[in-house]
Amino acid sequence: MGIWTGLLSTPPRSLTDDFFALGAQSLTVVRFLAEVQDRYGVELPVDELFAGDFTVAAAARLIDETLLGEISEDQLAELLDELEGMSEDEVRALLDEGTPLGESSP
């Protein structure tokens, strides 16, 4: 939701709010795609964004799928081992800071 809030004058109230219904235009989509690439290092397939509803939930799912598609099975196994070795408090702290698993915070 953070990216959408930065791009739109009206932040989404829920994960199912439509990007265009909140005032997005084609230029906003370009800015969204650039922000996703800067923040997550992935280039989202535009056609998949428009294949269904363009909602926060759909965009997040596509980002996750794209990121997971770039991870090898060995890397995924390492990340799962790292996650399983963490306490519940450590996992919450990781989620709160928004640092991807396997990376340290700056």
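How each quantity is defined
- Residues numbered from 1 in each chain as written.
- Predicted model: local features only at pLDDT ≥ 70, side-chain atom pairs only at ≥ 80, totals over all residues.
- Heavy atoms only, no water.
- Patch = residues over 30% accessible without salt bridge, like charges linked within 9 Å, V, L, I, M, F, W, Y side chains within 5 Å.
- Areas by Shrake-Rupley, 256 points an atom, 1.4 Å probe, with all protein chains shown as cover.
- Salt bridge = Lys/Arg side-chain N within 4 Å of Asp/Glu carboxyl O.
- Lys, Arg positive; Asp, Glu negative; His and termini not counted.
- Charge placed at Lys NZ, Arg CZ, Asp CG, Glu CD.
- Helix = DSSP H or I, 4+ residues; strand = E, 2+ residues; numbered from the N terminus.
- Buried < 20%, exposed > 50% of the residue type's maximum accessible area, 1.4 Å probe, protein only.
- Phe/Tyr/Trp six-rings, centres within 6.5 Å; stacked < 30°, edge-to-face > 60°.
- pLDDT = per-residue confidence, 0-100.

*Asks:* Looking at this structure, how should I read a negative patch on the surface?
*Replies:* Negative charge collects at one region of the surface, where Glu73, Asp74, Glu78, Asp81, Glu82 and Glu84 lie side by side. Following the sequence through the fold, Asp74 ends up in helix 5 (residues 73-84). Using a relative accessible area of 60% as the deciding quantity, one classes Asp74 as exposed.

*Asks:* Where do I start with the packing of aromatic side chains in this structure?
*Replies:* Each aromatic ring pair is specified by the distance between its two centres and by the angle formed by the two planes. Considering all chains together, one arrives at five aromatic pairs under this definition. When the ring of Phe32 is compared with that of Phe54, the centres are 5.6 Å apart and the planes differ by 70 degrees; the resulting orientation is edge-to-face. Taken together, the residues span a long stretch of sequence, with Phe32 in helix 2 (residues 26-40) and Phe54 in the loop between helix 3 (46-49) and helix 4 (56-69) at a distance of 22 residues. Residue Phe32 is classed as buried on the basis of its relative accessible area of 2%. Put simply, the rings of Phe19, Phe20, Phe32 and Phe54 touch in pairs and so form one group of aromatic residues.

*Asks:* Before we go on, may I ask you to explain the confidence of the model for the protein chain in this structure?
*Replies:* For any part of a model where pLDDT is low, the fine detail of the predicted coordinates should not be relied upon. Per-residue pLDDT for the protein chain has a mean of 80; in total, 91% of the residues score no lower than 70. The least confident element of the protein chain, judged by mean pLDDT, is helix 3 at 78; the most confident is helix 2 at 88.

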